[in-house]
Each structure stands twice: as structure tokens, then as C-alpha cells.
Amino acid sequence: GLATVDAAEATLLGLDVVGELPMETLAATMHPDDAPSYAALLAETVARGGGAFTGEGRVIRANDGAVRWIAGHAHVEVDPESGAPLRAIGVNYD
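Described below are features of the structure shown in this document. A quick note: this is a predicted structure, and the numbers were derived from the prediction, not measured. (Residues numbered from 1 in each chain as written. Predicted model: local features only at pLDDT ≥ 70, side-chain atom pairs only at ≥ 80, totals over all residues. Heavy atoms only, no water.)

## Things to note about helix α3 (residues 35–47)
Next up, step 1: Taking 1.5 Å per residue, 13 residues should reach 18 Å; α3 reaches 18 Å between its end C-alpha atoms and fits that length.
Next up, step 2: Regarding α3, the residues found buried are Y38, T45 and V46. Seen from one end, α3 has its buried residues packed into an arc of 100°, which puts them on one side. Turned more than 90 degrees away from the buried face of α3 sit P36 and A47, all of them exposed.
Next up, step 3: Buried residues along α3 sit in contact with β3 (51–60), β4 (67–78) and β5 (85–93).
Next up, step 4: With its phi angle positive at about 90°, G49 sits one or two positions after the end of α3. (Helix = DSSP H or I, 4+ residues; strand = E, 2+ residues; numbered from the N terminus. Expected span 1.5 Å × (residues − 1). Buried < 20%, exposed > 50% of the residue type's maximum accessible area, 1.4 Å probe, protein only. Arc of directions from axis to C-beta. Contact = heavy atoms within 4.5 Å.)

Given below as C-alpha cells:
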């Protein structure tokens, strides 16, 4: 899928792209020790049919390798027929 990144998110994650980018690019910034628990929280949100999602963890900034803690709050929308996630709208901050 695709993620839409604004200037503040791009700065937070050390990305040089504002606009749409592959979800894999965004996911690649998650610290490898925190990515599994973050993914599990997201999977739990999808499994219960979507709704509020709150998580925190470290990211590794793409441009300089700096490690930063972030928190994220989002609303996850799920297709009612297939149960597949459609989109998440939210914010990340440090």
C-alpha cells in the first residue's frame, strides 16, 4: 500500500519525500526491536474491526540514522466484508 507523508512526518522520520510513498519505506524506519510489537498492535486493531490505534516505539531516521522515540495515534478503517485494512488516518510525534 501507500502512505501519505506531510513535511512534519518526513522531518520526524528523516525522509526526503513529501506525499505518497510505499508503506515499506515507512515501515523500514521502525526500530527492529520495536517493529514486531507495533505490528502486533496494528494486527489486533484490524482483527477487532478497526478503530482507535495507539502505539509507541523507536524509529531510525532514514537520513542520519538517529534513533528517536515516537508515539502514534490513528483511526484504522477496515473493509467490513473482507476484514482487510483500508487505511489509517493519524499522527506520529516525538
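## Re the nonpolar core
Next up, step 1: Counting residues in each nonpolar core, the largest one holds 17 residues, and the members touching the most others are V5, L13, L15, L26, F53, V59 and V76.
Next up, step 2: With 4 residues, β4 is the largest single contributor of residues to this core.
Next up, step 3: Leaving out residues up to four positions away in the same chain, F53 has contacts with Y38, L41, L42, T45, G72, H73, A74 and V76. (Core = buried A, V, L, I, M, F, W, Y, C linked by side-chain atoms within 4.5 Å.)

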